[in-house]
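Here is how the chains run, residue by residue.
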Amino acid sequence: MMLVSLPAFAVNPDDGDDPGPGLSVAETLGLYVALPVAIFLAISALVMLGGRTGSGKQQR
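Residues numbered from 1 in each chain as written. Predicted model: local features only at pLDDT ≥ 70, side-chain atom pairs only at ≥ 80, totals over all residues. Heavy atoms only, no water.

1. Some thoughts on the overall build of the protein
Then comes step 1: The secondary structure content of the protein amounts to one helix and zero strands.
Then comes step 2: By the burial criterion, 0% of the 60 residues in the protein qualify as buried.
Then comes step 3: In the form shown here, the protein has an accessible surface area of approximately 5900 Å², with 68% of it arising from carbon and sulfur atoms. (Helix = DSSP H or I, 4+ residues; strand = E, 2+ residues; numbered from the N terminus. Buried < 20%, exposed > 50% of the residue type's maximum accessible area, 1.4 Å probe, protein only. Areas by Shrake-Rupley, 256 points an atom, 1.4 Å probe, with all protein chains shown as cover.)

2. Comments concerning a negative patch on the surface
Then comes step 1: Residues Asp 14, Asp 15, Asp 17 and Asp 18 make up a contiguous surface patch of negative charge.
Then comes step 2: Among the structural elements, Asp 14 can be located in the segment before helix H1 (25-55).
Then comes step 3: Note on Asp 14: relative accessible area 56%, which makes it exposed. (Patch = residues over 30% accessible without salt bridge, like charges linked within 9 Å, V, L, I, M, F, W, Y side chains within 5 Å. Salt bridge = Lys/Arg side-chain N within 4 Å of Asp/Glu carboxyl O. Lys, Arg positive; Asp, Glu negative; His and termini not counted. Charge placed at Lys NZ, Arg CZ, Asp CG, Glu CD.)

So, to be careful, I would describe these as geometric facts and stop short of saying anything about function.
Shown next, in the form of structure tokens:
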């Protein structure tokens, strides 16, 4: 049973495997670095803008 599970047998693709083309370095950095940073900055800006509008009113 151990012979069947060796990594050398993982080279043969199963039926239905179609991995497609790989990502370039620029696409990988854009997807996993730039996009999360942009989403973080957009959410941060929305939160800061939301906090600013309510702080102008003074309650007594």
